[in-house]
Amino acid sequence: MDGGGESVVGNLIDSIKAQNYPQELMRIFVCADNCADATARIAREKGAVVFERASSRKGKSYALDDSLKRIMKEYGEEGFEAVFIFDADNLLDRNYTEEMNKLFDLGFSVATSYRASKNVGANWVSAGSSYMFYRESALIHHSRSLLGVGTYISGTGFFVSMELIREFGGWPYHTMTEDIEFSVILSEDGNRIRKADGKITDTGAGTVREDGERYTAVSGTGSTEITTDVSRERDSFFIQQKAVCESGISGVLFRLRLDDRFRVLVPAWNGVRLSKEHPKFWTGWTSRVVYGDSPLQMQMLLLEADTGGMLIYAEDDCTQFKAFDVRYRDGGFDIDIETIPQAPFAKISDFHTVRWRFIPYHGKWYAGAEIYRDYVKKAFRLEEALKSRPAFTEEISLVVLTDMTDRSELDALARRVDPKKTLLHVPGWRKELYDVNWPDYTPRDGMREDIDYAHSLGFRVQLHCNMNGCQMERQEYERFGSAHSLKPFGEGKVNADFSDARRHYLFAQINPASAEWRNFMTARLAAAARELGADSIHLDESLMSGNDGGGYRDGLTSLQGNVRYHEELAHRLPDGVSIGGEGITDFNARFGTFQQSHVYAVDFAEGRYILDRSMAEQIVPLTAAVYREVVSYQWPGLPTTNREEEYLMWYLTGTAIGHIPTLMRESAYSLTGGATAVTEMVLREAQWYAEQRPVKCFENWEEGVLMRWKLKDGSFAVFRREGDSYLLLGNEKDPSSVISHIGFDQNGILRVLSD
């Protein structure tokens, strides 16, 4: 404080000493910054350690910086865990420190506060200030906390862990709004600050629910009780939790601490390995991933060591939602494993989580994935679902995205590949434009004839549909709008809302748990397949089944509705027609055969795709190891082969997760005289697939192997890395059996290499 503190600092110190918290665990420091009054004397008389400071570098930020550095230097042996920052005119509620400490013990390292004025009615200035404090807390901090996004610290009434203070070397933030500067720095590192309840007065009070890096353990206000049960059976142990909170529960979690000699394998973006070398997900994503709301695809993760590891999974068939939050700090990983009830959360006062199972495994990561595969085969009746898949699906060796409006393209393609083993994915089969006016499935003029022609050449045809899309201006929305999915914290409706170079798209997402919607849609899709003679129906956005703030629909979660939708469609489709979809998840891969799959580490910026090579090293094909019968191929964002470098970025990252060859909107010319080296490579690889029928194999991977297949003759093929190049070898024992060879040239450009 820089003067004027003598009349109030004693009251602050008294309120700190009156805390319902062990006084021997607290020490009060006061910085008398360029003070000419009695502030320092009064603080000492009250038992505080006083730092008197006379410096030309005036201001709170410099006072904080000097004081924190002195605390670290002179009092470091006392082992302080966190520092609270208060202004001299603050007063603390008696339970303030106790409530804050509960959150710190859960691992939170930054906390901001609710602030209220002592003299609200004194004059219009104090009344206005009080309103601003209340607005900031209720409408900004609290709302952002409910949404699970970051907020900021402001002025006073917050704590920061000493771990962060040591990392920053004090308080090196000296702009006019140094508190906001601090918040921005945390945000840039992917951290979030959250607000919770408690009381200080001043200007105010509060406790924080979240450090810059995690989600709350139990949300809500009021008394909270959490019980964690740990049990053991044979080779496994289990964790199950119960929470009671009178004002509602939005999630319950437990935290694991893992030494960074280990790695964490998360089934997001088909599989990502987090390590001390690469401890974060790729740019633009936080540390938290949610099951049912892309990108987390399976309710499991692996803790990996050099000779074995630990599989962790939820024993659950889509009754509850889950989230993983993995953060790296202080030489290790903090892993939060969270179970989330069905929204709306305010109605949940007593919540029992699913049981989480921990099973050790010996060997490489795929040994742990195999254990989870055994679980889903039994728990999700996977073998039964596999029997419903048409026989032709096992033969497909190439997927081509095309609108089939140019028969010369099909003629040229039929001369280059085996049509009977090629699937044509057709987005433009409806009268309506792509992603416009769902659920109108009226075929465009001549579509049946175009499919008949494709069939005459031997091709298989898949129609691009949308699983839950409904245009809000259409008559169908009047019927199904009551099942429009809501965001879990009540912050609005869930819509598909995006733009491309042509237009803006906006349509509702109907919850598949609605029995009436499923009956309507499966009937309409089956009719389209029957009318047009299609071989497969693609369900776009089938990987998205978020927690509906409207609650259960017909007694089901959206995850359960997703599974039921696929199963009912499988029974309703004509014999021999398969189901495709977007992504590979626990809930859509049971009955889905052809699944578009998103690649990792490839970003779109400034009109082109960019590959982050360091992030690409994180790729591990977890979903392919568990759901290996799924035929995965590239998502429609795939560039055409004439954009050679960008296509090869997708090819590299896609092949590493088990994609079969995929082409995007080729022409007769690009398949013949205008074929690029990339086009020829893909066609050659497709022919090899058709002849050898490779099956993904997850055993005996040698160093550098990114994918391994078993061939029909019993030999093995591999996709492996050699320095800056990548080879697909038709025989892993024969270095000359090169099917495809790509690599980075001296300028770092990805190219097809000749052998």
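### Describing the sheet that holds strand β40 (residues 750-752)
Across a sheet, strands are paired by hydrogen bonds formed along the backbone, either parallel or antiparallel in direction. Taking strand neighbours across the sheet as the criterion, the 6 strands line up as β35-β36-β37-β38-β39-β40 in an open arrangement whose pairing is antiparallel. The two strands at the open ends of the sheet, each matched to only one other strand, are β35 (695-696) and β40. Inspection of the sheet shows strand β38 (residues 725-729) paired to strand β39 (residues 738-744) by 5 bridges, in the antiparallel sense. Looking across to β39, one finds that L729 is bridged to V738.

### Observations concerning the packing of helix α17 (residues 644-655) against helix α19 (residues 677-692)
For the pair α17 and α19, the least separation of the axes is 10 Å and the interaxial angle reads 30°. By the angle class used here, α17 and α19 are roughly parallel. Counting all contacts with α17, which are made through E644, Y647, L648 and Y651, the residues of α19 involved are V678, M681, V682 and E685. When the residues that make up the contact of α17 with α19 are grouped by side-chain class, the tally is 6 nonpolar, no polar and 2 charged.

### Details of the sheet that holds strand β30 (residues 594-597)
In space, the 8 strands of this open sheet follow the order β33-β30-β29-β28-β24-β23-β22-β34, with parallel pairing throughout. Both edges of this open sheet fall to β33 (631-634) and β34 (662-664), since each of them pairs with a single strand only. The sheet shows a mean angle of 25° between the axes of neighbouring strands, direction not considered. One ladder, built from 4 bridges, connects strand β22 (residues 398-401) with strand β23 (residues 422-426); its direction is parallel. Residue pairing across strands places L401 opposite H425, the latter belonging to β23. Strand contacts of helix α11 (residues 447-457): β23 and β24 (460-466), with the helix running at about 140° to β24, the strand carrying the most contacts.

### A closer look at the confidence of the model for the protein
On average, residues of the protein score 89 in pLDDT, and 90% of them are at 70 or above. Predicted confidence is poor over residues 194-221, with pLDDT under 50, and the contacts of this stretch with residues over four places away or in other chains come to 171 contacts.

### Quick notes on the pattern of salt bridges
Tallied over the full model, the rule gives 52 salt bridges. Residues K322 and D316 are paired through a salt bridge, measuring 2.5 Å at the closest nitrogen-oxygen approach. Across the pair, exposure class does not vary: K322 and D316 are buried alike. Ionic contacts of the salt-bridge type, sharing partners, join the residues E233, D235, E315, R355 and R357 into one network.

### Quick notes on the packing of aromatic side chains
According to the stated counting rule, one finds 47 aromatic pairs in the structure shown. With a centroid separation of 5.9 Å and an interplanar angle of 85°, the aromatic rings of F29 and F80 are classed as edge-to-face. Of this pair, F29 sits in strand β1 (residues 29-33) while F80 sits in the loop between α3 (60-74) and β3 (82-85); the two residues are 51 residues apart in sequence, bridging distant segments of the chain. Residue F80 is classed as partly exposed on the basis of its relative accessible area, which comes to 21%. Measuring from ring centre to ring centre gives 5.3 Å for W269 and W285, while their planes differ by 85°; the resulting arrangement is edge-to-face. Note that W269 is positioned in the loop between β13 (263-266) and β14 (272-274) and W285 in the loop between β14 and β15 (288-291), a separation of 16 residues in sequence. In textbook terms, an aromatic cluster arises when at least three aromatic residues are bridged by ring pairs, as seen for F158, F168, W171, Y173 and F182. Stacked on the ring of F380, the Lys or Arg R590 has its end atom at 3.8 Å from the ring centre.

### Brief notes about the nonpolar core
Core analysis: the largest hydrophobic core is formed by 164 residues, its most contacted members being V266, I335, W365, Y372 and Y627. Here this core takes 8 residues from helix α13 (residues 515-532), the largest share from any one element. If near-sequence neighbours (up to four positions away) are discounted, V266 is found in contact with G271, V272, L274, F281, V289, L296, F324, V326 and L622.

### Some remarks on α11
One turn of the α-helix equals 3.6 residues, which is why residues spaced by three or four share an orientation. Looking only at α11, the buried set comprises M447, D450, I451 and A454. Here the buried residues of α11 occupy an arc of 95° about the axis, which is enough to place them on one side. For α11, the secondary structure elements touched by its buried residues are α10 (407-416), β23, β24 and α13. Following α11 by one or two positions, G458 adopts a phi angle in the positive range, close to 110°.

### A look at the packing of α10 against α11
At their nearest, the axes of α10 and α11 sit 10 Å apart, and the two run at 15° to each other. Comparing the axis directions of α10 and α11 gives the class roughly parallel. The two elements α10 and α11 cross, and the hand of that crossing is right-handed. Residue-level contacts link R407, L410, D411 and A414 of α10 to E449, D450, Y453, A454 and L457 of α11. For the contact of α10 with α11, the class distribution of residues is 5 nonpolar, no polar and 4 charged.

Analysis parameters
Residues numbered from 1 in each chain as written. Predicted model: local features only at pLDDT ≥ 70, side-chain atom pairs only at ≥ 80, totals over all residues. Heavy atoms only, no water. Pairing = 2+ DSSP bridges. Helix = DSSP H or I, 4+ residues; strand = E, 2+ residues; numbered from the N terminus. Axes fitted to C-alpha atoms, helices over the stretch in contact; angles between N-to-C directions. Parallel < 35°, antiparallel > 145°, perpendicular 65-115°, else oblique. Contact = heavy atoms within 4.5 Å. Nonpolar A, V, L, I, M, F, W, Y, C, P; charged D, E, K, R; others polar. pLDDT = per-residue confidence, 0-100. Salt bridge = Lys/Arg side-chain N within 4 Å of Asp/Glu carboxyl O. Buried < 20%, exposed > 50% of the residue type's maximum accessible area, 1.4 Å probe, protein only. Phe/Tyr/Trp six-rings, centres within 6.5 Å; stacked < 30°, edge-to-face > 60°. Lys NZ or Arg CZ within 6 Å of the ring centre and 35° of its normal. Core = buried A, V, L, I, M, F, W, Y, C linked by side-chain atoms within 4.5 Å. Arc of directions from axis to C-beta. Left-handed = near helix turned anticlockwise from the far one by under 90°.

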